[in-house]
Amino acid sequence: MGKIQEFEIAFDKNKVVYSPGESITGTVTVKLGQQLQCKAIKVNCNGFCGITSKVNDTAWTMEEQYFNTTVSIADKGTLKQGEHTFPFKFLIPASAPTSFEGNYGKIVYRVRAFIDTPRFAKDYNIEKAFFLLSLLNLNQVPDIWGTCSSAVTQQFTYMLVKTGTVVLKAQTDMRGYTPSQIIQVTANIHNQSGKNTGNITASLMQRVTYEMKKPVHDLRTIAEVEGGTVKAGKEVEWKEQIIVPPLPQSSLAGCELIKIEYYVKVSLKFPDVMLTLPIHIGNISLDKKLHPSKKAAPPSSAPAEDTPTPAPIPDTSTSATTPTLPPRPAPKPAPRPAPRSRMSSHNSPSAPPAEYHQGAEGGMPMSDGIPNKRQSQLVSPNAFSYAPGLFFPQNQQPGTEPSGAPFSGSAQATAPYPPVNNASPMPTPLILPPDYGTSAYPQEAPPSYDESCNT
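Because the structure is predicted, anything quoted here is derived from the model rather than measured. Sequence order as written defines residue numbering, which begins from 1 separately in each chain. Reporting in this predicted model follows two pLDDT cut-offs: at least 70 for local features of residues, and 80 or more for side-chain atom pairs to be given and counted; totals over whole chains, interfaces and linings ignore these cut-offs and use all residues. Computation of side-chain values covers all heavy atoms of the structure but excludes hydrogens and water.

Caption draft 1: Here's a closer look at the overall build of the protein. Only DSSP runs of H or I covering at least 4 residues are called helices, and only runs of E covering at least 2 are called strands; the numbering of each starts at the N terminus. Helix and strand counts for the protein come out as two helices and 21 strands. For the protein, with 455 residues in total, the buried portion stands at 45%. Any two residues whose heavy atoms approach within 4.5 Å are treated as being in contact. Residue pairs at least 24 apart in sequence account for 75% of intrachain contacts in the protein once pairs closer than 6 positions are excluded. Areas reported here follow the Shrake-Rupley algorithm with a probe of radius 1.4 Å; residue values treat only the protein chains shown as occluding. Here the protein displays about 23,400 Å² of accessible surface, and carbon together with sulfur accounts for 54% of that area. When accessible area is computed with a 1.4 Å probe and restricted to protein chains, residues below 20% of their type maximum are described as buried, those above 50% as exposed, and intermediate ones as partly exposed.

Quick look at the structure:
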């Protein structure tokens, strides 16, 4: 086996995920079969970002260094036969960005060890990667509260003849989500033409921009749900839900070369009409207690609580002065609203309830032969990130890559660390993405999702 039988780096407590500003400690172990002359043994800790215009290329076009620190753990001398252990410790800068890996670039952190031997002798080096996670608290993102909505009007053309217009309105119930939460999408389609539309689709999109002289944009469909058609002259409301899989966060604070954006795209296959709803993906979910309107609610609600007490006074005086008037019957309780018809009114779309809903079918029952492609959320098998040594089952349905994507590649933007949904300092559990090939329609939202932040 030669002089060196073992040469490895170990992190204390086998920890591989760290936070900015945290110290990384560990040991370098050298096991020798015979003595070894060395000039020095050094340990280096560094973090950098590299981007390129070619898929999965490591010959970086541009680089960005975050830190690069080297310490000497053994001076010039002779290492005796046997096992030697050298401890090390590095401080990670608080400004270092979150780890990331994509088709055209990555943010990498690693510890390397070197045995520098005398001239003409063989040098030895090893390295071990670790991951950095700077939690994105959605409650601190500007303009995060409320719903995200948009509308578009498109001329409907058939056989080069204009037959009318299609008005598409859509909204999401919130503007920020964490992995495993559910995006509630509501769309209103008014087909003011004489032809049926194509199927309606809602897609969760990821756009990664690599900032070079000529920026490279990597656009991917992460998840997609599909509904039915809207018949001529009909107006319908369509409600769907998209489960957020494990994804990199929207912000890579501290990195100037890579930008990540997410949005929900709602579109019709015919005519070609589409709108986008920008959202944020973070690590700490929105807390309804921090909603600005919630803080202002107690002062406004206080007078309302005091109003019932003086109410009996005018009632008794009125009955005493006008005894001849018949008593006013007690007001009947407000009737419960009837379920909204799929032939929607002109009201603004609202967040869907948890129970099952029929999709957009032009207001016609399901028996008219037009299938509603319910429970059809598809996920790209290469869309997510994996922690080292962890593999998810690749049994998702294929065909989710958009034909119009400007770039293609075998790997997708990844976040090699476990996502979290709470404010814990460091995440511990790994959240597996749902099996979209066999999963049923989600019935309930997570506990933190019960009350959406509507403005």
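Caption draft 2: Structural detail: the nonpolar core. One finds Phe130, Ile189, Ile258 and Val266 to be the most contacted residues of the largest nonpolar core, which totals 83 residues. In terms of residue count, the dominant contributor to this core is strand E19 (residues 258–268) (six residues). Those residues in contact with Val266 that sit more than four places away from it in its chain are Leu168, Ala170, Val185, Ala187, Ile200, Thr201, Ala202, Val273, Met274, Leu275 and Leu277. Throughout, nonpolar core names a set of buried Ala, Val, Leu, Ile, Met, Phe, Trp, Tyr and Cys residues whose side chains join them through atoms within 4.5 Å.

Caption draft 3: Spotlight on the pattern of salt bridges. Any carboxyl oxygen of Asp or Glu that lies within 4 Å of a side-chain nitrogen of Lys or Arg is treated as forming a salt bridge with it. Overall, the coordinates contain eight salt bridges when judged by the stated rule. Across the pair Arg220 and Asp218 runs a salt bridge whose closest N-O atoms are separated by 3.4 Å. Among the residues examined, Arg220 registers a relative accessible area of 3% and is labelled buried. The class for Asp218 is buried, based on a relative accessible area of 1%. Linking Lys259 and Glu261 is a salt bridge whose minimum nitrogen-to-oxygen distance equals 3.8 Å. Residue Glu261 is classed as partly exposed on the basis of its relative accessible area of 29%. Through salt bridges with shared partners, one network takes in Arg207, Lys259 and Glu261.

Caption draft 4: Expanded view of the sheet that holds strand E8 (residues 82–91). Taking strand neighbours across the sheet as the criterion, the three strands line up as E1-E3-E8 in an open arrangement whose pairing is antiparallel. Lying at the two open borders of the sheet, with one neighbouring strand each, are strand E1 (4–11) and E8. When strand polarity is set aside, the average angle formed by the axes of neighbouring strands in this sheet is 15°. Two strands make a pair as long as DSSP finds a minimum of two bridges between them. In this sheet, strand E3 (residues 23–32) lies alongside E1 in antiparallel orientation, the contact comprising seven bridges. Across the sheet, residue Ala10 finds its bridge partner in E3, namely Thr27. Axes, fitted as lines to C-alpha atoms, cover a helix only where it is in contact. Angles between the N-to-C directions of the axes lie from 0 to 180 degrees.

Caption draft 5: Looking closely at the state of the cysteines. What counts as a disulfide here is a pair of cysteine sulfur atoms lying within 2.5 Å. Applying the stated rule across the entire model yields zero disulfides. Looking at the unpaired Cys49, the closest cysteine sulfur is the one in Cys255, lying at 4.0 Å. A residue is classified by how much of its surface remains accessible, and Cys49, at 0% relative accessible area, is buried. We classify Cys255 as buried; its relative accessible area is 9%.

Caption draft 6: Spatial organisation of the confidence of the model for the protein. The share of residues in the protein with pLDDT of 70 or more is 62%, and the mean pLDDT across the chain is 74. Confidence scores labelled pLDDT are given residue by residue by the predictor and lie between 0 and 100. Segment residues 335–372: pLDDT under 50, and 87 contacts once partners within four positions in sequence are set aside and those in other chains are kept.

Caption draft 7: Region of interest: the environment of Lys265. Tracing the chain through its elements places Lys265 in strand E19. For the pair formed by Lys265 and Leu275, sequence separation is 10 residues and the distance between their alpha carbons is 5.9 Å. Not counting residues within four places of it along the chain, the set of residues in contact with Lys265 comprises Thr201, Ala202, Ser203, Met205, Met274 and Leu275.

Caption draft 8: Broad picture of the pairing of strand E10 (residues 105–116). Both strand E5 (residues 40–51) and E10 contribute to a ladder of 12 bridges, which runs antiparallel. From the neighbouring strand, Ile51 faces E10, where its bridge partner is Gly105. Adjacent in sequence and paired antiparallel, strand E9 (residues 100–101) and E10 are bridged by three residues. Pairing analysis gives seven bridges linking E10 to strand E11 (residues 124–132), with the strands arranged antiparallel. In the strand pairing of E11, Ala113 is matched with Ile126.

Caption draft 9: View of unusual backbone geometry. For the bond from Phe270 to Pro271, the omega torsion is 0°, close enough to zero to count as cis. Tracing the backbone through its elements, the reader meets Pro271 in the loop between E19 and strand E20 (273–281). In this structure, Asn56 takes a positive phi of about 55° despite not being glycine. For Asp143, which is not a glycine, the phi torsion comes out positive at approximately 55°. Relative accessible area serves as the criterion here: at 68%, Asp143 is assigned to the exposed category.

Caption draft 10: Structural view of the pairing of strand E18 (residues 235–243). Of all nine residues in E18, nine are buried; the element is thus mostly enclosed. Of the two faces of E18, the one holding Glu235, Glu237, Lys239, Gln241 and Ile243 and the one holding Val236, Trp238, Glu240 and Ile242 are both buried throughout. Sheet analysis places strand E15 (residues 182–192) next to E18, joined by nine bridges and oriented antiparallel. The residue of E18 that forms the bridge with Gln184 is Gln241.

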